[in-house]
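Each chain, written out:
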Amino acid sequence: MNTVLVTSTGESTGKTAITLALGLLAKERGLDVGYMKPKGTRLQSSTGKTLDEDPMLARELLDIDAEMHQLEPVVYSPTFIQGAIRGKENNKELSEVISHHFDDLSVDKDLMLVEGGGSYRTGGIVDLTDADIASLFDAKVLLVAEYGHPSDLDDLVAAVEDIGADRLVGVVFNRVGDSVYDELETEVAPFLDARGVPVLGVVPTEKDLAGVTVQELADELGADLATDAPTDAFVERFLVGAMGGDAALRYFRRTKDAAVITGGDRANIQRAALEAPGVKCLILTGGHRPVGAVIGKAEEKGVPVLLVNGDTLSVTDRAEDIVSTGRTRDERTVERMRDLLFEHADVDALIGGIEPSGDAGNDDE
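None of these values were measured; they are calculated from a predicted model. (Residues numbered from 1 in each chain as written. Predicted model: local features only at pLDDT ≥ 70, side-chain atom pairs only at ≥ 80, totals over all residues. Heavy atoms only, no water.)

**A short note on the pairing of strand β8 (residues 140-145)**
Moving on, step 1. In terms of burial, β8 is a largely internal element, five of the six residues being buried.
Moving on, step 2. Pairing of strand β1 (residues 2-8) with β8 involves five bridges; the strand directions are parallel. The partner of V6 across the bridge, within β8, is L142.
Moving on, step 3. When β8 meets strand β9 (residues 168-176), the two strands line up parallel, connected through five bridges. Its bridge partner being in β9, V141 is matched across the sheet by L168.
Moving on, step 4. Taken together, β8, helix α7 (residues 152-163) and β9 form a β-α-β motif whose crossover is right-handed. (Buried < 20%, exposed > 50% of the residue type's maximum accessible area, 1.4 Å probe, protein only. Helix = DSSP H or I, 4+ residues; strand = E, 2+ residues; numbered from the N terminus. Pairing = 2+ DSSP bridges. Right-handed = clockwise from strand over helix to strand, strands pointing away.)

Below you can see the structure in the form of C-alpha cells.
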C-alpha cells in the first residue's frame, strides 16, 4: 500500500479538491482508494454534531464505506483546542486513536490519501502537525502551495524543512495566475528542483473555481440588491473600506476581482470603490441605504450593490468563509480539478505509479 498525505503552506489553497481529484484519478486506474482526514478543521454543525465537510464529500465521491469518526478521529474545534491547552487531551492517546482508525481504513487498499488540516502546522499543540502524522503513517507528502510573488517561496521552503525532504513527493502549485505562470515554470521550478524539491504540477487559476459569483454572495449573505446590475461577476477577495477617500482609491486600485465591504453611510469610500476597475461589487453593512448618487453611479458602471444587516467585521468574516468554502466542496469542482491535474501535473509521481493489487481493479469495472 502507498500512503500520500496532502498538506499545504496555508489554508484555502485547494487541498481538498486536489486530494479528492487524486482519488478519482487513482480509481480510474483501478486502484482501491482509502481516505482519512485525521484532524477535522473545516467544521460545520448539524444534527447536534460538529463535523468536517471534507470527509463527508470524500465518502460520497470515493465511495468509502466508513463512519465519520473513523475518517475524522479528531474534531479540531475551538473547544478541543481549549481542552488541549488546559491539559485535557493526551497526545499519546490521540496518536493511538488516529493510528487505530488508519489501520482499519487502510485494509486491502492500494492507496491511502490522507488530507492535512488547515496548514501543515495545524495540530502542533498536541504533536499532530502534518509532519507528525506523516511520520506516524510512514506516508509520503504532497505539498500544495500558491504563488503570486517570489517571497511566497519562504513559506514553501520552511514547510519542506519541517516535513523533511526524504518524505516529500513534491509540490503542486495551485491557482497560478497568468502573470506569474511562465516565471513559475522557467525560474521557480528549476530553483526548487536544484534544492531537491520537485515541482510536480502548476495548475492555472480557473475563474469558476477561485471564487463565487456576486449572486451567490448575495444569496448566502441574505443581502438585498440595491441596484439593477449584473450579478454574474466572480469575487475572489474582500477589501474593507475604513480609510479616507483618496487613500481608499489608491488601495482599491491595487486589486482585482474584489468586493468592497464598508458601512452603508460611508459615501466617500463607496464612490472611491466605484472608480476602481477591479471592484466587482459593494457590500454595504449596518442596514443603511446609500445615497442616490452612489446608486446611480453603481448602475452606470454595472457594479451591483448589496445591502446586509450586521457590522462590517462580522459580515467580512461571513463573506470570506463563503469564498473559501463555497465552490471548493462539491462534486463538480473535484471533477474539474481532476481534469486540471491530468493536464498540468505528473499524476504518476503524485500517486506513486502503483498498480492495482489482487482484484481491486476488477471491482471498479
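Still to come is the rest of the account.
**Some points on the packing of helix α1 (residues 15-28) against helix α15 (residues 331-344)**
Moving on, step 1. The geometry of α1 relative to α15 is characterised by a closest axis approach of 8 Å and an angle of 70 degrees between their N-to-C directions. The angle between α1 and α15 places the two elements in the roughly perpendicular class. Between α1, through A17, I18, L20, A21, L22, L24, L25 and E28, and α15, the contact on the second element is made entirely by T333, V334, E335, M337, R338, L341 and F342.
Moving on, step 2. Its residues assigned to classes, the contact of α1 with α15 shows 11 nonpolar, one polar and three charged. (Axes fitted to C-alpha atoms, helices over the stretch in contact; angles between N-to-C directions. Parallel < 35°, antiparallel > 145°, perpendicular 65-115°, else oblique. Contact = heavy atoms within 4.5 Å. Nonpolar A, V, L, I, M, F, W, Y, C, P; charged D, E, K, R; others polar.)

**Structural notes on helix α13 (residues 292-301)**
Moving on, step 1. All of the buried residues in α13 are V294, I295 and A298. Across the axial projection of α13, the buried residues extend over an arc of 100 degrees, all falling on one side. Turned more than 90 degrees off the buried face of α13, the exposed positions are G292, A293 and E300.
Moving on, step 2. Buried residues along α13 sit against α12 (267-274) and β17 (305-307).
Moving on, step 3. G302, located one to two residues past α13, shows a positive phi value of around 75 degrees. (Arc of directions from axis to C-beta.)

**Quick notes on the sheet that holds strand β2 (residues 33-36)**
Moving on, step 1. Read from one edge of the open sheet, six strands run β2-β7-β1-β8-β9-β10, paired in parallel fashion. Edge positions in the sheet fall to β2 and β10 (199-204), since each of these pairs with one other strand and no more. Averaged over all pairs of adjacent strands, the angle between their axes in this sheet comes to 20 degrees, without regard to strand direction.
Moving on, step 2. In this fold helix α5 (residues 91-105) packs onto β1, β2 and β7 (111-115), with an angle of close to 160 degrees to the strand it touches most, β2.

**As for the pattern of salt bridges**
Moving on, step 1. A full pass over the atoms with the stated rule returns 10 salt bridges.
Moving on, step 2. Among the salt bridges present, the one from E146 reaches R175, with a minimum N-O distance of 2.6 Å. Residue E146 is found in the loop between β8 and α7, and its partner R175 is found in strand β9; the two are separated by 29 residues along the sequence.
Moving on, step 3. According to the relative accessible area criterion, E146 is partly exposed, its value standing at 32%.
Moving on, step 4. In this structure R175 comes out as partly exposed when scored by relative accessible area, which is 21%.
Moving on, step 5. A salt bridge links R336 to D339, with the shortest nitrogen-to-oxygen separation between them at 4.0 Å. Taken as a pair, R336 and D339 lie in helix α15 at a separation of three residues, close to a single helical turn.
Moving on, step 6. Note on D339: relative accessible area 28%, which makes it partly exposed.
Moving on, step 7. What emerges from the salt-bridge pattern is a single network uniting E28, R336, R338 and D339. (Salt bridge = Lys/Arg side-chain N within 4 Å of Asp/Glu carboxyl O.)

**A look at the nonpolar core**
Moving on, step 1. Grouped together as the largest cluster of nonpolar side chains are 76 residues, with contacts concentrated most on L22, L156, F173 and L341.
Moving on, step 2. Here this core takes eight residues from α1, the largest share from any one element.
Moving on, step 3. Residues contacting F173, with those up to four places away along its chain left out, are A145, E146, Y147, L153, L156, L184, V188, L192, V199, G201, V202 and V203.
Moving on, step 4. In this structure, L239, A258, V279 and L284 belong to the second largest nonpolar core, which totals 22 residues. (Core = buried A, V, L, I, M, F, W, Y, C linked by side-chain atoms within 4.5 Å.)

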